[in-house]
Amino acid sequence: MSNNQYWRLVRDNANFRNLWIGQIVSLLGDWFNLIASATLIAVLTGSGAAVGGLFVVRMIAPFLVAPFAGVLADRVNRKHLLIATDLVRGVVVLGFFLVREPGDVWLLYALTAVQLGISGFFFPTRNALLPDLVDRADLGAANALSSATWSVMLALGTALGGFVAGGFGVTVAFAVDALTFFVSALFIL
């Protein structure tokens, strides 16, 4: 596949373009708060094990919902499901503001589990929607672009999240993170 095929797909297919931009912004949100959350847990607990627990929660939550995500994506309006997952994740991330002392760390774990669990519904739904948005000949390019986007946003999202958390504080990082999900919902709308 040539770069022209990717460019043409993004330029000429508004529905795919908006979904792809929504994916970019949503993935940014998924990864943006990683450093801020880990920093907050480390500051509140002073425990490397507690920080490690955050990573466990982030990996297990989407795994646990995976068996249900595809089924739901096949039974409900996919666009509405994508918008709902983004809106709910934005609200969930706002809950991170409530974590202020060591006794609140459980809440950060719970909110992280909900956020990443809901993300486990977003991506299978998005992938199921692709064949409805692009021509069969463009499906390979659309899937490749989506996969590459995940990898780039993993690196970029954590880096930007770390920069914002380090430079402006975890509260600002959480606010920006919540905003990313609301912006993603707008693009998908």
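1. Concerning the overall build of the protein chain
Thought 1: A count of helical and extended segments in the protein chain gives seven helices and zero strands.
Thought 2: The order of helices and strands in the protein chain, counted from the N terminus, is α-α-α-α-α-α-α.
Thought 3: In summary, the protein chain has a C-alpha radius of gyration of 17 Å against a globular reference of 16 Å for 189 residues, a match within 12%.
Thought 4: Expressed as lengths along the three principal axes of its C-alpha atoms, the size of the protein chain is roughly 55 × 35 × 25 Å.
Thought 5: The buried share of the protein chain, reckoned over its 189 residues, is 48%.
Thought 6: When the accessible surface of the protein chain is totalled, it reaches about 9,100 Å², and 69% of it is carbon and sulfur.
Thought 7: Here the protein chain holds 11 positive side-chain charges and 10 negative ones, and the gap between their average locations is 5 Å.

2. Let's talk about the packing of helix α5 (residues 105-133) against helix α6 (residues 139-168)
Thought 1: The contact between α5 and α6 brings their axes to 10 Å, and the two run at 155°. One finds that α5 runs roughly antiparallel with respect to α6. Regarding α5 and α6, the two cross each other, and that crossing is right-handed. Mapping the contact onto sequence places Arg-126, Leu-130 and Pro-131 in α5 and Leu-139, Ala-142, Asn-143 and Ser-146 in α6.
Thought 2: Class assignment of the residues belonging to the contact of α5 with α6 gives a composition of four nonpolar, two polar and one charged.

3. Overview of the nonpolar core
Thought 1: Judged by nonpolar contacts, the single largest core of 43 residues is most densely connected at Phe-16, Ile-41 and Phe-174.
Thought 2: The element that contributes the greatest number of residues to this core is helix α2 (residues 14-45), accounting for 13 residues.
Thought 3: Apart from residues no more than four positions distant in its own chain, Phe-174 is found in contact with Asn-33, Ala-36, Ser-37, Leu-40, Val-93, Phe-96, Phe-97 and Leu-108.

4. Re a nonpolar patch on the surface
Thought 1: The grouping of Val-56, Ile-60, Phe-63 and Leu-64 at the surface amounts to a nonpolar patch, some 410 Å² of accessible area in total.
Thought 2: Note on placement: Leu-64 falls in helix α3 (residues 48-75).
Thought 3: When its relative accessible area of 52% is taken as the criterion, Leu-64 is described as exposed.

5. So, the environment of Pro-67
Thought 1: Position of Pro-67 among the secondary structure elements: in helix α3.
Thought 2: With a relative accessible area of 55%, Pro-67 lands in the exposed category.
Thought 3: Sequence separation of Pro-67 and Val-10 is 57 residues, and the distance between their C-alpha atoms is 31 Å.

6. Remarks on the layout of surface pockets
Thought 1: Counted as a void, the largest pocket has a volume near 180 Å³.
Thought 2: Lining the largest pocket are Leu-27, Asp-30, Trp-31, Arg-58, Met-59, Pro-62, Leu-116, Ser-119, Gly-120, Phe-123 and Trp-150.
Thought 3: For the lining of the largest pocket, the secondary structure elements donating two or more residues are α2, α3 and α5.
Thought 4: In terms of residue count, α5 provides more of the lining of the largest pocket than any other element does, four residues in total.
Thought 5: Looking at side-chain class alone, the lining of the largest pocket contains seven nonpolar, two polar and two charged residues.
Thought 6: Taken as a whole, the second largest pocket holds about 150 Å³ of empty space.
Thought 7: Contributing to the lining of the second largest pocket are Asn-15, Asn-18, Leu-19, Lys-79, Leu-129, Leu-133, Phe-187, Ile-188 and Leu-189.
Thought 8: Elements with a minimum of two residues in the lining of the second largest pocket: α2, α5 and α7 (170-188).

Calculation notes
- Residues numbered from 1 in each chain as written.
- Predicted model: local features only at pLDDT ≥ 70, side-chain atom pairs only at ≥ 80, totals over all residues.
- Heavy atoms only, no water.
- Helix = DSSP H or I, 4+ residues; strand = E, 2+ residues; numbered from the N terminus.
- Rg over C-alpha atoms; globule rule 2.2 N^0.38 Å.
- Buried < 20%, exposed > 50% of the residue type's maximum accessible area, 1.4 Å probe, protein only.
- Areas by Shrake-Rupley, 256 points an atom, 1.4 Å probe, with all protein chains shown as cover.
- Lys, Arg positive; Asp, Glu negative; His and termini not counted.
- Charge placed at Lys NZ, Arg CZ, Asp CG, Glu CD.
- Axes fitted to C-alpha atoms, helices over the stretch in contact; angles between N-to-C directions.
- Parallel < 35°, antiparallel > 145°, perpendicular 65-115°, else oblique.
- Left-handed = near helix turned anticlockwise from the far one by under 90°.
- Contact = heavy atoms within 4.5 Å.
- Nonpolar A, V, L, I, M, F, W, Y, C, P; charged D, E, K, R; others polar.
- Core = buried A, V, L, I, M, F, W, Y, C linked by side-chain atoms within 4.5 Å.
- Patch = residues over 30% accessible without salt bridge, like charges linked within 9 Å, V, L, I, M, F, W, Y side chains within 5 Å.
- Salt bridge = Lys/Arg side-chain N within 4 Å of Asp/Glu carboxyl O.
- 1 Å grid on protein atoms, 1.4 Å probe; cavity = no way out; pocket = protein on both sides within 12 Å on 5 of 7 lines; lining within 4 Å.
- Points joined across faces, edges and corners; volume = space filled by probe spheres on them.

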